[in-house]
Amino acid sequence: NAGVTQTPKFRVLKTGQSMTLLCAQDMNHEYMYWYRQDPGMGLRLIHYSVGEGTTAKGEVPDGYNVSRLKKQNFLLGLESAAPSQTSVYFCASSQTSGNTIYFGEGSWLTVV
Amino acid sequence: AQSVTQLDSQVPVFEEAPVELRCNYSSSVSVYLFWYVQYPNQGLQLLLKYLSGSTLVKGINGFEAEFNKSQTSFHLRKPSVHISDTAEYFCAVSDPQGGSEKLVFGKGTKLTVNP
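Residues numbered from 1 in each chain as written. Chains lettered and ligands numbered in written order. Predicted model: local features only at pLDDT ≥ 70, side-chain atom pairs only at ≥ 80, totals over all residues. Heavy atoms only, no water.

Asker: Can you lay out the overall build of chain B for me, pointing to particular residues and giving the numbers?
Answerer: Helices and strands together make up the secondary structure of chain B, namely 0 helices and 12 strands. When its helices and strands are written in sequence order, chain B yields β-β-β-β-β-β-β-β-β-β-β-β. For 115 residues, the compact-globule estimate of 2.2 N^0.38 gives 13 Å, and the C-alpha radius of gyration of chain B, at 14 Å, lies within 12% of that figure. Viewed in the frame of its principal axes, chain B has a C-alpha envelope of about 45 × 30 × 20 Å. Out of the 115 residues belonging to chain B, those deemed buried represent 47%. When contacts within chain B are restricted to residue pairs at least 6 apart in sequence, long-range pairs at least 24 apart make up 56% of them. Working note: accessible area of chain B is about 5,500 Å², and carbon and sulfur atoms make up 49% of it. Positive and negative side-chain charges in chain B, numbering 9 and 10 respectively, have mean positions lying 6 Å apart. (Helix = DSSP H or I, 4+ residues; strand = E, 2+ residues; numbered from the N terminus. Rg over C-alpha atoms; globule rule 2.2 N^0.38 Å. Buried < 20%, exposed > 50% of the residue type's maximum accessible area, 1.4 Å probe, protein only. Contact = heavy atoms within 4.5 Å. Areas by Shrake-Rupley, 256 points an atom, 1.4 Å probe, with all protein chains shown as cover. Lys, Arg positive; Asp, Glu negative; His and termini not counted. Charge placed at Lys NZ, Arg CZ, Asp CG, Glu CD.)

Set out below in structure tokens:
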């Protein structure tokens, strides 16, 4: 009963380092999303995908890249981490547009 | 663009008291509305959603919400809260034509239930 799984759960990066967050879903969902959550800001959409091989920009895409090479996986990359990217990152998925979105448990990233 | 306002950032209540968490949205056209709950150090879980039909929507854990189109509101209520309801609650809105990627979240309301 995994649902949406994110790895790693915690990571500390130095400014300028790169890293990739991995999201995997086992529900055969078409849509996948990456959000970031900051105190008092709610959730903001970084990038999303409407199917394998597709990606699109969300509200706050700068400094991030994504890839959806397989339907079940959605990767979020930080090419050169900045302290402003310190946040909690949530991956999510949904079967189609308008359906319930299911969230992973979050990845805590600190950039020092 | 859609926007969501959660009128209270923090709501403290005593156990077994009723609670209402307020949510207003900006659009006057048809909308989908959601309430999500986030327990400490966890992801978000869907509490309930309004897509169409009855304006009173019942969700999990005894929560319900009422869609009021004239007031563009979707307030969340529970008649008697438990300690375990302590969490952050997010209201969200999307345009039925715009897709899930257009889902806009409010900034959250932290509910603290005290004994």
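Asker: Outline the pairing of strand E3 (residues 19–25) of chain A, supporting the account with residue identities and numerical values.
Answerer: Residue and element names in this part refer to chain A. Only one face of E3 is covered, namely the one carrying Met19, Leu21, Cys23 and Gln25; the face carrying Thr20, Leu22 and Ala24 has none of its residues buried. The pairing of strand E1 (residues 4–7) with E3 spans 4 bridges and is antiparallel. Residue valine 4 lies in a different strand from E3, and its bridge partner there is glutamine 25. As paired strands, E3 and strand E8 (residues 73–78) are joined by 6 bridges and run antiparallel to one another. Along E8, the bridge assignment pairs leucine 21 with leucine 76. (Pairing = 2+ DSSP bridges.)

Asker: Go over the interface of chain A and chain B, please, and point to the residues and values.
Answerer: Taken together, the 23 residues of chain A in the interface contact 20 residues of chain B. Summed over both sides, the interface between chain A and chain B buries roughly 1,600 Å², with carbon and sulfur atoms accounting for 56% of that surface. Our count for the chain A to chain B interface comes out at 0 salt bridges. Within the residue set of the side of chain A that touches chain B, elements represented by two or more residues are strand E4 (31–38), strand E5 (42–49) and strand E9 (87–94) of chain A. Of the residues assigned to the side of chain A that touches chain B, the class counts are 11 nonpolar, 10 polar and 2 charged. (Buried area = accessible area lost by both parts, 1.4 Å probe. Salt bridge = Lys/Arg side-chain N within 4 Å of Asp/Glu carboxyl O. Nonpolar A, V, L, I, M, F, W, Y, C, P; charged D, E, K, R; others polar.)

Asker: Tell me what's going on with the sheet that holds E3 of chain A, and back it up with residues and numbers.
Answerer: In sheet architecture, strand pairing relies on hydrogen bonds along the backbone and comes in two forms, parallel and antiparallel. Residue and element names in this part refer to chain A. Here 4 strands make up an open sheet; going across it, the order is E1-E3-E8-E7 and the pairing antiparallel. Two strands bound the open sheet, and with one partner strand each, they are E1 and strand E7 (64–67). Direction aside, the axes of adjacent strands within the sheet are offset by 20 degrees on average. (Axes fitted to C-alpha atoms, helices over the stretch in contact; angles between N-to-C directions.)

Asker: Which residues make up the pairing of E7 of chain A, and what values do they have?
Answerer: All names here are of chain A. The side-chain alternation of E7 yields one buried face, formed by Tyr64 and Val66, and one unburied face, formed by Asn65 and Ser67. Pairing of E7 with E8, which is carried by 4 bridges, proceeds in the antiparallel orientation. Its bridge partner being in E8, serine 67 is matched across the sheet by leucine 75. Connecting the antiparallel pair E7 and E8 is a turn made up of 5 residues.

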